[in-house]
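# Fold and contact review
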Amino acid sequence: MVRTAHLLTGDLHEAEDLARTTLARVRARWRRIPRNDVDFYVRRSLVRTHLGRTRRRRAARMLTPLLPERARRALPDPAGAAGRGDALGRALSALPSRRRAVVVLRHWEGLGEAEIAQLLGCSAGTVRAHARRGLAALRAHPSLGPVVTPSAAPSPARRHPVSGART
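In what follows, the accompanying structure is described.

The rules we used
Residues numbered from 1 in each chain as written. Predicted model: local features only at pLDDT ≥ 70, side-chain atom pairs only at ≥ 80, totals over all residues. Heavy atoms only, no water. Helix = DSSP H or I, 4+ residues; strand = E, 2+ residues; numbered from the N terminus. Buried < 20%, exposed > 50% of the residue type's maximum accessible area, 1.4 Å probe, protein only. Areas by Shrake-Rupley, 256 points an atom, 1.4 Å probe, with all protein chains shown as cover. Axes fitted to C-alpha atoms, helices over the stretch in contact; angles between N-to-C directions. Parallel < 35°, antiparallel > 145°, perpendicular 65-115°, else oblique. Contact = heavy atoms within 4.5 Å. Nonpolar A, V, L, I, M, F, W, Y, C, P; charged D, E, K, R; others polar. Expected span 1.5 Å × (residues − 1).

### Let's talk about the overall build of the chain
Helix and strand counts for the chain come out as eight helices and zero strands. Counted from the first residue to the last, the chain has its helices and strands arranged as α-α-α-α-α-α-α-α. Considering the chain as a whole, with its 167 residues, one finds that 31% of them fall into the buried category. Within the structure as shown, the chain displays about 11,100 Å² of accessible surface, and the carbon and sulfur contribution to it stands at 55%.

### Details of the packing of helix α6 (residues 97–108) against helix α8 (residues 124–140)
Where α6 meets α8, the closest approach of the two axes is 8 Å, and the angle between their N-to-C directions is 90°. Relative to α8, α6 is oriented roughly perpendicular. Across the interface between the two elements, Arg98, Arg99, Val102, Val103 and His107 of α6 pack against Val127, His130, Ala131, Arg133, Gly134, Leu135 and Leu138 of α8. Considering only residue class, the contact of α6 with α8 consists of six nonpolar, three polar and three charged.

### Here we look at α8
In this model, α8 (17 residues) spans 24 Å end to end at C-alpha, consistent with the 24 Å of a helix rising 1.5 Å per residue. Along α8, the positions that sit buried rather than exposed are Val127, Ala129, His130, Ala131, Gly134 and Leu138. Residues of α8 that are buried in the fold lie against α5 (87–93), α6 and α7 (113–120).

The structure is reproduced here in structure tokens:
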């Protein structure tokens, strides 16, 4: 759970705090959670808590110019990506929060589109779009370097050495 939170937030301390908050929320509702859906409920709570925090931080960033100077200095840097040496962490931190959540849940947690759609409360098509755009942004991110892909040109047809038939 902390690993997923770390991929979502990009900061280990914030990830631990997110996991702690999530477990406290789950504990408060423990009697209402169906026993066969505990993993799903905890994962959904983790993602929704993260998305809620992201929305609140975005609102704080938008209101920052309106604050007095001494209060402005007290706000933490929401991105925190400047000191990270991890290229993947920098690339993930550049993604919007929902897109990042879809990429992490899809590729690190191994969930399917339907499960992610149910977790996020959206359609499977939305999940596919977020995954496609997120992966495109990761491929294009400068800290990950160029990705070697096969060329689009068709390979020349090969012939069987004896019969001369194309293979």
